[in-house]
Amino acid sequence: MTSTTLDTVAAVEAEARARLAEAADEAALEAWRLGVLGRSGSLTGVLRGLGALPEDERRAVGAAANIAKQALEAALDARREELRRAALGSMEALDVTLPGRPVRRGGLHPVTQVRREILDIFARLGFATVEGPEVELDEYNFGRLRIPEHHPARDMWDTFWFEREQATDPAMLLRTHTSPMQIRFIEQHEPPIRIAVPGRCYRYEATDATHEWMMQQIELLAVDEGLSMANLKGTLQEFARQMFGPERRVLMRNSYFPFVEPGVELSVDCFACPGNNPACPVCRGSGWIEIMGAGMVHPEIIEAAGFDPTRYTGFAAGMGVERVTMLKYGITDIRAFYSNDPRFLAQF
Ligand code: FA5
C-alpha cells in the first residue's frame, strides 16, 4: 500500500513534468498549473488523499508529496523563464532596427590615388601611360642616358646592383629612375611621342623625411617637330595648377642631368613652414620642395634613336609621386607611406 502510494506520487510528478515540457506559452503554463497544483489538480488530489492513510504511511507519502510539489513549482518557474528567453531571442533575431555589424573597408593607398590623379592630368594633356621593367640593364639606366661608367654623375644615383654570375653577364640593377623608358620607347616608336611612365625606383641611400630607398616616379617624354622649352614649361605649369591649385607657387631653376640640355628642376613652395624655418624637416628653410627634374632631351639621344635632331626635339621630366602626395596632403615625413600604420593609411 505504502509503495503504491509513493509510486502514485512519482507517477503524478513524472506525468506533470512531461506535460510541462509541452507547454509553450503563458496560457498553457496556467492550464498546467491548475491541472497539477490547482484546487482540483492531480498533485493536490494526492495531498487530499493523505488523510485516509494510516499514520506512518501518511508521514512518508506526505513528505514525498510535498517535495514533489516544491519541485514542480520550481519546474514551472524554470519553464516560464525558458519560454521568456526563447521569445526574447527570436525577437532580437528579427529586430530590423539594430545597426549592422561594421565591415572594415580597405582603400587605395594615398600614393596610388595621387599616381592615378597625375596620370589622369597628363592623359588629358595627350600623354599615354606606358610601363617598363623595374630590373634594368646598366646600359639603359645609365649608359644610353649619357652617364658612362666612372662618370661623376653616377654619384647622383646610389644603386642596388645584382650580382653577376659570370664576368661576361650584362650589369643589372634595380632602376634608380624611370628615365630608362625614354630610351626604350624612343628606340621603338616614331615621333610624335607623348608618354607618361609610372613606376617604382630604388636607391641605395639613407632615408630621411623626404627620401625613401624605394619611391615611385612618373616620367614624361614628348618628342615632336618644333618642341621647345616653352612647351615644357607650359606643360609643367598646367600640371602644377591642376594638381595643387592656382594659389601654389612653382619655381623652375637650372639643374644638370646628362640626358637633357638644358636641365631644370621644378619645386613647389613649402607647405610645412613659412619658408624661412631652418629647422623645417620638409624644406630645411629653403622654402621650396623639389618635385621633379626635367629638361630638353639631349640631341645625341634623339640622334642615337635614328631621328634627325635638327628636325625633332623633345622634352622630358621625372617627378617623385611621394613628394607630390606629401605636398597635396601636407604630410611631413615620407616614411609614413610605407611603414604600414593603419591609423595613417585609413585617413585617405
Ligand atoms: C631623376 O631621377 C631624373 N631621372 C629626373 C629627370 C627626368 C630629369 C627627365 C630630366 C629629365 P632626381 O634624382 O632628381 O632625378 O629625382 C627626380 C624626383 O624623384 C625628385 O625630384 C624627387 O621628387 C624624387 N626622388 C628622388 N629621390 C628620391 C627619394 N630617395 N625619395 C623620394 N623621392 C625621391
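What counts, and at which threshold
- Residues numbered from 1 in each chain as written.
- Predicted model: local features only at pLDDT ≥ 70, side-chain atom pairs only at ≥ 80, totals over all residues.
- Heavy atoms only, no water.
- Helix = DSSP H or I, 4+ residues; strand = E, 2+ residues; numbered from the N terminus.
- Rg over C-alpha atoms; globule rule 2.2 N^0.38 Å.
- Buried < 20%, exposed > 50% of the residue type's maximum accessible area, 1.4 Å probe, protein only.
- Contact = heavy atoms within 4.5 Å.
- Areas by Shrake-Rupley, 256 points an atom, 1.4 Å probe, with all protein chains shown as cover.
- Near = heavy atom within 4 Å.
- Polar contact = N/O pair within 3.5 Å; in protein donor to acceptor, adjacent residues only side chain to side chain.
- Nonpolar A, V, L, I, M, F, W, Y, C, P; charged D, E, K, R; others polar.
- Pairing = 2+ DSSP bridges.
- Axes fitted to C-alpha atoms, helices over the stretch in contact; angles between N-to-C directions.
- Phe/Tyr/Trp six-rings, centres within 6.5 Å; stacked < 30°, edge-to-face > 60°.
- Lys NZ or Arg CZ within 6 Å of the ring centre and 35° of its normal.
- Salt bridge = Lys/Arg side-chain N within 4 Å of Asp/Glu carboxyl O.
- Arc of directions from axis to C-beta.
- Domains from an automatic or database assignment.
- Disulfide = S-S within 2.5 Å.

**A few points about the overall build of the chain**
Along its length, the chain carries 11 helices and nine strands. Scaling as 2.2 N^0.38, a compact globule of 348 residues should have a C-alpha radius of gyration of about 20 Å, whereas the chain reaches 42 Å, well beyond that. Over its C-alpha atoms, taken along the principal directions, the chain stretches across nearly 135 × 55 × 40 Å. Within the chain, the proportion of its 348 residues that are buried is 42%. Taking the intrachain contacts of the chain between residues at least 6 apart in sequence as the baseline, contacts between residues at least 24 apart amount to 67%. Carbon and sulfur atoms make up 52% of the accessible area of the chain, which amounts to about 19200 Å² in all.

**Some words on the site of the ligand**
Surrounding the ligand, one finds 26 residues, the nearest of these being His177, Ser179, Arg203, Glu205 and Glu290. For the ligand, a nitrogen atom lies 2.8 Å from a polar atom in the side chain of His177. Interatomic distance of 2.8 Å between a side-chain N/O atom of Ser179 and a nitrogen atom of the ligand. Relative to its free-state accessible area of 670 Å², the ligand is covered by the protein chains to the extent of 96%. Mapped onto the shell around the ligand, the elements with two or more residues apiece are strand S5 (214-225), strand S8 (288-297) and strand S9 (312-320). Among the residues forming the shell around the ligand, the class breakdown is 11 nonpolar, nine polar and six charged.

**Observations regarding the sheet that holds S8**
The seven strands are arranged S1-S4-S5-S9-S8-S7-S6 in an open sheet whose pairing can be described as mixed. The strands lining the two open edges of the sheet, one partner per strand, are strand S1 (128-129) and strand S6 (250-255). Both S6 and strand S7 (residues 260-269) contribute to a ladder of six bridges, which runs antiparallel. Residue pairing for S7: Val250 is matched across the bridge by Val268. Packing of helix H8 (residues 229-244) onto the sheet brings it into contact with S5, S6, S7, S8 and S9, and relative to S8 it is tilted by some 150°.

**Some thoughts on helix H7 (residues 180-188)**
All of the buried residues in H7 are Pro180, Met181, Gln182, Ile183, Phe185 and Ile186. Those residues of H7 that are buried are in contact with strand S2 (135-137), helix H6 (138-141), strand S4 (193-202), S5, helix H9 (299-304) and S9.

**Quick word on the packing of aromatic side chains**
Per the stated rule, a full pass over the model turns up 14 aromatic pairs. One aromatic cluster is present, formed by Phe122, Phe127, Phe239, Phe244 and Phe315 through successive ring pairs. Above the plane of the ring of Tyr140 lies Arg184, whose end atom (NZ or CZ) is 4.1 Å from the centre. In this arrangement the basic side chain of Lys328 is found over the ring face of Tyr329, its NZ or CZ atom lying 5.8 Å from the centre.

**Focus: the pattern of salt bridges**
With the rule as written, the count across this model stands at 22 salt bridges. Among the ionic pairs, Asp224 bridges to Arg194, the shortest N-O distance being 3.6 Å. Pair noted here: Asp224 is in strand S5 and Arg194 is in strand S4, with a separation of 30 residues, a long-range link. Classification of Arg194 as partly exposed rests on a relative accessible area of 31%. Between Asp208 and Arg284 there is a salt bridge, with its nearest N and O atoms 3.2 Å apart. Taken together, the positions of Asp208 in the loop between S4 and S5 and Arg284 in the loop between S7 and S8 put the pair 76 residues apart, joining distant regions of the chain.

**Points about helix H2 (residues 26-36)**
One full turn of an α-helix is made of 3.6 residues, so residues set three or four places apart face in the same direction. For H2, every residue scored as buried is listed here: Leu29, Trp32 and Val36. An end-on view of H2 places all buried positions within 60° of arc, on one side of the element.

**Concerning the domain arrangement of the chain**
Splitting the chain by domain gives domain 1 (4-87) and domain 2 (110-345). Placing a centre on the C-alpha atoms of domain 1 and another on those of domain 2 gives a separation of 90 Å.

**Re the state of the cysteines**
Tallying each qualifying case throughout the model produces zero disulfides. Unpaired in this structure, Cys283 has its nearest cysteine sulfur neighbour in Cys273, at a distance of 3.5 Å.

**A look at unusual backbone geometry**
Residue Pro191 is joined to Pro192 through a cis peptide bond whose omega torsion reads 5°. Here Pro192 shows up in the loop between H7 and S4. Note that the residue after Glu261, namely Pro262, is joined by a cis bond; omega there is -5°. Relative to the helices and strands, Pro262 resides in strand S7. The backbone of Arg284 shows a phi angle near 55°, a positive value even though the residue is not glycine. Arg284 sits in the partly exposed class, given a relative accessible area of 48%.

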